Structure formats: structure tokens, C-alpha cells
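# Results of the structural survey
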Amino acid sequence: MASPNGDEELDEYPDGSVRLRNPNIELMDQDILYHLALGSGSHDLVSMFGDVKFVCMGGTPKRVEQFAFYIMQEIGHKLPAGTTLLDISQFSYRYSMYKVGPVLSISHGMGIPSVGILLHEVIKLMYHAGVTDPIFFRIGTSGGINLEGGTVVISEEAVDGMLNPCFELPVLGKIVRRPAKLDKGLIKELLALRDPEDPYDTVVGKTMCTMDFYEGQGRMDGAFCDFSESDKMEYLQKLQRNDIINIEMESLAFAALTHHAGIKSAVICVAIIDRLKGDQIHTPKEVLDEWQIRPQKLVSRYIKRYLHMKGRILLDDYSGSSCVKSPRRFKLVQQESESYD
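Residues numbered from 1 in each chain as written. Predicted model: local features only at pLDDT ≥ 70, side-chain atom pairs only at ≥ 80, totals over all residues. Heavy atoms only, no water.

## Quick look at the packing of aromatic side chains
Stated precisely, the cut-off is as follows: Two rings from Phe, Tyr or Trp (for Trp, the six-membered ring) form a pair when their centres sit within 6.5 Å of each other. Planes less than 30 degrees apart are called stacked, planes more than 60 degrees apart edge-to-face, and all others tilted. The numbering of helices and of strands both runs from the N terminus, where a helix is a DSSP run of H or I of at least 4 residues and a strand a run of E of at least 2. We call a residue buried when its accessible area falls under 20% of the maximum for its residue type, exposed when it is over 50%, and partly exposed in between, using a 1.4 Å probe and counting protein chains only. Note on geometry: a ring has a charge over it if NZ (lysine) or CZ (arginine) is within 6 Å of the ring centre and within 35 degrees of the ring normal.
Scanning all chains against the criterion turns up 4 aromatic pairs. Ring centres of Phe137 and Tyr302 lie 5.7 Å apart, and the angle between their planes is 70 degrees; on these two criteria the pair is classed as edge-to-face. You can see Phe137 sitting in strand β6 (residues 135–144) and its partner Tyr302 sitting in helix α7 (residues 285–309), a full 165 residues away along the chain. The burial state of Phe137 is the same as that of Tyr302; both residues are buried. Of the aromatic side chains, those joined through ring pairs into one cluster are Phe54, Phe137, Tyr302 and Tyr306. We note Arg219 situated over the ring of Phe213; from NZ or CZ to the ring centre the distance is 3.9 Å.

## Describing a nonpolar patch on the surface
Note the threshold: In this scheme, patches are assembled from residues that exceed 30% relative accessible area and form no salt bridge. Like charges are connected within 9 Å, while nonpolar side chains (Val, Leu, Ile, Met, Phe, Trp, Tyr) are connected within 5 Å. Per-residue and other accessible areas were derived by the Shrake-Rupley procedure at a 1.4 Å probe size, with only the shown protein chains allowed to occlude residues. When a carboxyl oxygen of Asp or Glu lies within 4 Å of a side-chain nitrogen of Lys or Arg, that pair is called a salt bridge.
A grouping of Leu169, Val171 and Leu172 is seen on the molecular surface, where their side chains present a nonpolar patch of about 300 Å² in accessible area. Here Val171 is to be found in strand β8 (residues 166–171). Overall, the relative accessible area of 34% leaves Val171 in the partly exposed class.

## Describing helix α6 (residues 251–260)
Note that an α-helix has 3.6 residues per turn; residues three or four places apart therefore point the same way. In terms of burial, α6 is largely enclosed, as 10 of its 10 residues are buried. What α6 keeps buried is the set Ser251, Leu252, Ala253, Phe254, Ala255, Ala256, Leu257, Thr258, His259 and His260. Just past α6, the residue Gly262 takes up positive phi, approximately 75 degrees.

## Regarding the side chain of Asp198
The residue Asp198 is located in the loop between α4 (184–192) and β10 (202–209) in this model. Look at Asp198 and you get buried, because its relative accessible area is 16%.

## So, empty space enclosed by the protein
What counts is decided by this rule: In this analysis, the protein atoms alone were mapped onto a 1 Å grid. Cavities are point sets where a 1.4 Å probe fits without being able to get out; pockets are open sets with protein on both sides within 12 Å along at least five of seven lines; lining residues have an atom within 4 Å of a point. Grid points are joined across faces, edges and corners, and a volume is the space filled by probe spheres set on the points. Any residue that is not Ala, Val, Leu, Ile, Met, Phe, Trp, Tyr, Cys, Pro, Asp, Glu, Lys or Arg is counted as polar, Gly included; the first ten are nonpolar and the last four charged.
Overall, the coordinates contain 3 cavities of 30 Å³ or more when judged by the stated rule. By volume, the largest cavity amounts to about 50 Å³. Lining the largest cavity, in full, are Cys56, Met57, Gly58, Arg63, Val64, Phe67, Ser105, Ile139 and Gln296. Secondary structure elements with two or more residues in the lining of the largest cavity: β3 (54–58) and α2 (61–75). Counted by class, the lining of the largest cavity contains 5 nonpolar, 3 polar and 1 charged residues.

## Observations regarding the nonpolar core
Soluble globular proteins tend to pack their nonpolar side chains together in the buried interior. Keep this limit in mind: Here the nonpolar core consists of buried residues drawn from Ala, Val, Leu, Ile, Met, Phe, Trp, Tyr and Cys, with membership extended through side-chain atoms lying within 4.5 Å. A domain assignment, automatic or from a database, supplies the domain bounds used here. In this description, contact between two residues means that some pair of their heavy atoms is separated by no more than 4.5 Å.
Core analysis: the largest hydrophobic core is formed by 70 residues, its most contacted members being Phe54, Leu125, Phe136, Phe137 and Ile303. The element that contributes the greatest number of residues to this core is helix α3 (residues 112–129), accounting for 9 residues. Two domains each donate at least three residues to this core, and these are domain 1 (27–132) and domain 2 (140–315). Residues within four places of Phe137 in sequence aside, it is in contact with Phe54, Val55, Cys56, Met57, Leu186, Leu190, Phe254, Ala266, Ile268, Val299 and Tyr302.

## Some details on the UniProt feature "binding site: substrate" (unreviewed entry) in the chain
Cut-off, in case you're wondering: UniProt positions are given in the numbering used here, feature names are shortened, and annotations may be inferred rather than shown by experiment. Distance and chemistry together define a polar contact, namely a pair of N or O atoms within 3.5 Å, with one atom able to donate a hydrogen and the other to accept it when in protein, and with adjacent residues in sequence counting only for side-chain atoms on both sides.
Sites flagged by UniProt as "binding site: substrate" (unreviewed entry) map to Gln217 and Arg219. Using a relative accessible area of 3% as the deciding quantity, one classes Gln217 as buried. When sequence neighbours within four positions are dropped, the list of residues in contact with Gln217 reads Thr210, Asp212, Ile247, Glu248, Met249 and Arg275. Among the polar contacts listed, one links the side chain of Gln217 to the side chain of Thr210, at a separation of 3.3 Å. As for its placement among the helices and strands, Arg219 is situated in the loop between β10 and α5 (229–241).

## Description of the pattern of salt bridges
A full pass over the atoms with the stated rule returns 16 salt bridges. The salt bridge partner of Glu168 is Arg177, with a shortest N-O separation of 3.3 Å. Among the salt bridges present, the one from Arg275 reaches Asp279, with a minimum N-O distance of 2.9 Å. For Arg275, a relative accessible area of 0% corresponds to the buried category. Classification of Asp279 by relative accessible area gives buried; the value is 11%.

Below, the structure is given as C-alpha cells:
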């Protein structure tokens, strides 16, 4: 187990269970997941979420809704006749959440505080639902460093604005440090699912996570700026020398909290600008929309590969190192109610 400062390695639990590092939860009559509009006593969370295998998070409600419909088509999931895909957390007014068989698609908002709050509640949701061996993905956008727009980045490590690979949080007047680690095996598996015919690159590198979109990322177009263009370029070049290839605002908390919970996780983002060439994003919306689907495609390939290997779907021309491109080349062979482990 990890120490309170996160200095030791944290292993996944041998039985695959999700366990909470908080003894107080078991003493509560009901655990209310306030921002998800769910409760351990008011909802049958085992029945509702017990078959979840993949938790896929994105920044905006629209993006996760899009991913939910996309993955539903990709894995051949069928809704009961006369029903439609609904936002499970629509009454919380904070996050959006859609369930497609073993896939939970949830918006995490913008920045470390928002994703941190969500992760606390989603990890507890997995615990109350009795989920085993879940895999968490953050799917999003980022600013690239010496990367062409549209490049997909798989994060190998998250660092803060001071280039420290840990998440620092003041708790009761003390700083708690937790390592921001992502699963190395999962990173390799995702990289192996690159398709040679993809019209873009998929790369692995370090990600810097900041607390701010403007000054914290060295942008000169915010309401405030106390540094020069040469200061900015010197800093971005320093990041490049330290093998940092993209910048965003959630990976640090995402990596640290999933690692602290013993949950396998990965961060996959598309670079929508090369920060060495500018600060503002001028790419047309239709191009940005296509770029934002690229990380979703990679995660979909992983999910389809996993379900195929578990005998949950059949892929007509599946091979171990690539992905079937057509969503019509599979069929579902198990019912949603069955376990995906």
C-alpha cells in the first residue's frame, strides 16, 4: 500500500475489487453520491452498474453523449425496444453520464477540482456496485508541443506546472502528495492498436497538467500576462527538453486518484494546436470535431478488442494487433446482464 504521502508503490487488489481507502463509508446509513444524483440506499447500484468494465471520461456533456452513441454502434449494443439512451445524472445538473452495456461515459468538467470531485464519487460508485477490475480512460483535448494538430497523445506520465510527477492536495493544513501514475501495460496495449492507415500520428509522452488555461499554460492572450514572448518560448522549450509533449488540465488528478484507488487507467488526448506556433486556436470547427473523435476511436478499438477476447463480441476479420474498422463487422454474443470480467 502507499503511504499517506504516496511514496510507495500501490498495487491493484488481487481479487480485482474496488476498495475505498476510507473506513467512514461503512459506518454511514447511506452514501449519497450527490453530484451524480445517486445513493447507495436509494438506488440498486449493483443492478444498475455491476456489469461496468470501462469508465470513459471526457470534458463536456456533448462529447460524452457523442461517445456513448458511438460506442453503442461500435460494440453492437441494443437498447430495449421503445427506449432511448438517457443521461442518468440529468437531475444532478453537474455531470452527464450514459451507460452502454459495460461502458460508462461521463463528463468530468474542466480542471482538476471538477475531475477530482467526480472521481471520488465514481470510485465509490464502482465500490457500491461491486465492480471488479474496472479500466478508466480520460478522453480529451490538449495543446501539443512540437506536434501537428490532430496528433493523438497517450500520456505515459502526468506532471504539474513545476514538472513534479505528483498531485499535491492540502488536507487539514498539510500537503498530501500522491504519485500521478498511469498503467504502463495499458499504455502499451493502446499504442499497439494504432492503425497504419490512420491519417494522423499516435504517440506516447509526458503530459503537463496545469491549474489554468491561460497564464498557467504560458498563454499571452488571457486577461492578464506578466511575461514576454521570449519568456514563454523559453519555458515551452524547457518542457520539450523534459520530454513533455502536451498540456491539459485534468491528467494529474485523474492519474493520481485512480492509482491511489488501485484502478488501471490511461489518458488519451488529441493535440488541437502546436503551442510552439501560437496560443489561439484558429482551426475550423468541423476539423476540430473530427480531431476530437480520434481518441475515441483508439479507446473503442481497445474496448472491442477486450470484448472480443472475452467472447462478448465476434469480429469477422479481427487480428491481435489491429482494429476492425467497420462497425458492421461484429455481432454481440452475450447479454448486457452478464459479467464482462
